[in-house]
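Examining the three-dimensional arrangement
Listed here are the chains, written in short residue letters.
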Amino acid sequence: MLYSEYRTIEMINHEHFMQGVTIQHLRFEVQPTESIVFGGQPGTALRGALYQVLSDSFCSEPNGMLTPDHVARCPVCWLLAAEDQGAARGQNIPRPLMIEPPPGQTYHRGEPLVFGLTVVGRAQDMFPYLARAVQKMGVAGLGKGRGRFRLVSIAEYHPLEGVERSILEHNFVRQPVHQVTPADISRAAAHYSSERVGLELLTPLRLTSHKELVKFPEPVAFIQRLVERCQRIAEYYAESQTPPSRSEWFTLYHELSAIAAKVCIVSNDTEWVEVYSGSRRQQRYTPISGLTGRVEWAGPLKELLPWLLWGQSLHVGKNAVKGDGWYRVSPAGV
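Residues numbered from 1 in each chain as written. Predicted model: local features only at pLDDT ≥ 70, side-chain atom pairs only at ≥ 80, totals over all residues. Heavy atoms only, no water.

Section: helix 6 (residues 127-140)
- With 14 residues, helix 6 extends 20 Å from end C-alpha to end C-alpha; this agrees with the ideal 20 Å at 1.5 Å per step.
- Residues of helix 6 that are buried: Phe127, Leu130, Ala131, Ala133, Val134, Met137 and Gly138. All buried residues of helix 6 project into a common sector of 160° when viewed along the axis, lining one side.
- Those residues of helix 6 that are buried are in contact with strand 1 (23-32), helix 3 (42-58), helix 5 (75-80), strand 5 (113-120), strand 6 (149-158) and strand 9 (172-173).
- A positive phi of about 100° marks Gly141, the residue just after helix 6. (Helix = DSSP H or I, 4+ residues; strand = E, 2+ residues; numbered from the N terminus. Expected span 1.5 Å × (residues − 1). Buried < 20%, exposed > 50% of the residue type's maximum accessible area, 1.4 Å probe, protein only. Arc of directions from axis to C-beta. Contact = heavy atoms within 4.5 Å.)

So this is what it looks like as structure tokens:
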């Protein structure tokens, strides 16, 4: 191997850049006691209900000013109102919480409703709050008409190893133990073809490039936004003593962009769906539209695969906290 090739591989090693990042996947099953009707993308309703319950139930100043001192002391505000006045890309920073919404729009009484919550880094310490919040959501109601539900089960699962473990037994909740780590990503990436891969876009994927919406599953824009998301997650939530420098991330961005430029789309069964998210606080609707469906890429994918596997846990693009940008990596042709 040429020295330049070795250096390129070292500079894009995901284990170096994502050191100290751990991810916990949780799956909640609830049973509606009244019909639950979602409008648009169900993740927006779940996010709104979860945040409202967490704020009302566990924040000491739910309607007060979110001063830096209060946010530093209040775990709920740290989770919900993550802001950094010195953030390089703006005031808001990525939340360490993502929603994996259910596929349907309407769930009638007695019909199982399953959704996921994914937490990053020390946000995993918030698990007891999240479990209790979901119970309270069932009392407050969810979706249009505020349909109520009861909590049936909580499980943790590992999307790369196929492991699932129940953590709710007789109203006693056990601590989750199965986390996604950089080593897990490396092992999983080795099982995929380095020349062709499929991406199942489960929720609207909303990407921008040069401040314009990207309405095509274009590899370069996808990888660029993915690297940016991974960087921001790692900068704020990795538990590492030797974090990569900004210049290293800059090099990674350009190295992976160059590789992605050699990847082509060999199958595209995606479509753009128009979805809007309503905010009672802001009294307005915002677009969370994006691409859904399946796309297959072919090309030099070996160095991209670990990052794609990170992305299926962290999501990519805008509105990740509401469930957008959730996708699954699959073998080509499956």
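Points about the side chain of His158
- Tracing the backbone shows His158 in strand 6.
- Not counting residues up to four positions away in its chain, the partners in contact with His158 are Val163, His178, Gln179, Val180 and Asp184.

A few points about the pattern of salt bridges
- Evaluation of the coordinates by the stated rule reveals eleven salt bridges.
- When the shortest N-O distance is used, the salt bridge between Arg27 and Glu164 registers 2.7 Å. On the criterion of sequence distance, the pair formed by Arg27 in strand 1 and Glu164 in strand 7 (residues 163-166) is long-range, its members being 137 residues apart.
- The class for Arg27 is partly exposed, based on a relative accessible area of 28%.
- Here Glu169 ties to Arg174 by a salt bridge, and the two come within 3.4 Å at their closest N and O atoms.
- Looking at Glu169, the relative accessible area reads 40%, which means it is partly exposed.
- Residue Arg174 is classed as partly exposed on the basis of its relative accessible area of 28%.
- One connected set of salt bridges, linked through shared partners, spans Arg196, Glu200, Arg294 and Glu296. (Salt bridge = Lys/Arg side-chain N within 4 Å of Asp/Glu carboxyl O.)

A look at the packing of aromatic side chains
- The final tally for this structure, using the stated rule, is ten aromatic pairs.
- Plain terms: the ring middles of Phe38 and Tyr107 are 6.2 Å apart, the flat faces sit at 80° to each other, and that makes the pair edge-to-face. Residue Phe38 is found in the loop between strand 2 (36-37) and helix 3, and its partner Tyr107 is found in strand 4 (residues 106-107); the two are separated by 69 residues along the sequence.
- For Phe38, a relative accessible area of 3% puts it in the buried group.
- Here Tyr107 falls in the buried class, since its relative accessible area comes to 7%. (Phe/Tyr/Trp six-rings, centres within 6.5 Å; stacked < 30°, edge-to-face > 60°.)

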